[in-house]
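This is what each chain is made of:
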Amino acid sequence: MAIVVEHEKRKREILEKAMELFCRDGYEDVTFQKIADACGITRTTLYIYFGSKHEIFNFSIKQLSSDLEVKFLKIIKDHSITAEDCLRKITSDAIDACVENKTLFEILVPYLTGLYKTGDDVYERVRRRTIRINHLLSMMIVRGQKNGEFRKFSVKTANDLIFGLIIESVFKMAVLHNAEVDNIKASLNLAIDGLLTERPEN
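Below: a short report on this structure. For clarity, every value in this text was computed on a predicted model and none was experimentally measured.

Here is what the cut-offs are and how they apply
Residues numbered from 1 in each chain as written. Predicted model: local features only at pLDDT ≥ 70, side-chain atom pairs only at ≥ 80, totals over all residues. Heavy atoms only, no water. Salt bridge = Lys/Arg side-chain N within 4 Å of Asp/Glu carboxyl O. Helix = DSSP H or I, 4+ residues; strand = E, 2+ residues; numbered from the N terminus. Buried < 20%, exposed > 50% of the residue type's maximum accessible area, 1.4 Å probe, protein only. Axes fitted to C-alpha atoms, helices over the stretch in contact; angles between N-to-C directions. Parallel < 35°, antiparallel > 145°, perpendicular 65-115°, else oblique. Left-handed = near helix turned anticlockwise from the far one by under 90°. Contact = heavy atoms within 4.5 Å. Nonpolar A, V, L, I, M, F, W, Y, C, P; charged D, E, K, R; others polar.

Moving on, we get to the pattern of salt bridges. Overall, the coordinates contain 11 salt bridges when judged by the stated rule. One salt bridge in this structure joins Arg-132 and Glu-69, with 3.6 Å as the shortest N-O distance. Of the two residues, Arg-132 is situated in helix 7 (residues 122–146) and Glu-69 in helix 4 (residues 53–76); the sequence distance between them amounts to 63 residues. Of the residues examined, Arg-132 reaches a relative accessible area of 57% and is grouped as exposed. Overlapping salt bridges bring together Arg-24, Asp-25 and Lys-34 as one network.

Okay, structure coming up:
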């Protein structure tokens, strides 16, 4: 068990060093050897943990999406809060995660642009990484509709609206270098307000 823990700890250290290099030099200019040198290990040792710099970068993205899924599932399983509050909490946490991983997104945008130029199906790559998070958002929208909190409308349209605002926040941070977190959260809350059923005035 201790060996497994140590292995995961070393993987995280490698990821941190690699992200620093990607951010400083750009994805294209970072080599597997540069990553090994930055970590103070040989290429052979680095191969024990990752097969290529491409794998290192993809692992970072996978780790972020997996961490978000775990966090969102914990919120969703708490049936003591309403679907509305749950959706607001999830979207707020998603924006906070974007801010915390700003460096990763700054690298991700040119990385995806490079893949697009090679003819890679970038949309499908992103879709695969976000499909579970989209599913969790839809689950909360459906729950809200079933218990009367949300109006009857297209779940996909509502999901696209909310997820689109989250993607916009990533774009602002990664491309425009503008992290207006409070404004982004306010926009998401306004979108969620539009999902609610009409409530009688006091």
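After that view, the rundown keeps rolling.
Packed helices, taken two at a time, are described by their axes: the angle between them and the distance between them. Look at helix 5 (residues 83–100) against helix 9 (residues 181–193): their axes get within 10 Å of each other, and the N-to-C directions meet at 155 degrees. The orientation of helix 5 relative to helix 9 falls into the category roughly antiparallel. Judged by the sense of rotation from one axis to the other, the crossing of helix 5 with helix 9 is right-handed. In contact with Glu-84, Leu-87, Arg-88, Thr-91, Ser-92, Ile-95, Asp-96 and Val-99 of helix 5, helix 9 contributes Val-181, Ile-184, Lys-185, Leu-188, Asn-189, Ile-192 and Asp-193. The class makeup of the residues in the contact of helix 5 with helix 9 is seven nonpolar, three polar and five charged.

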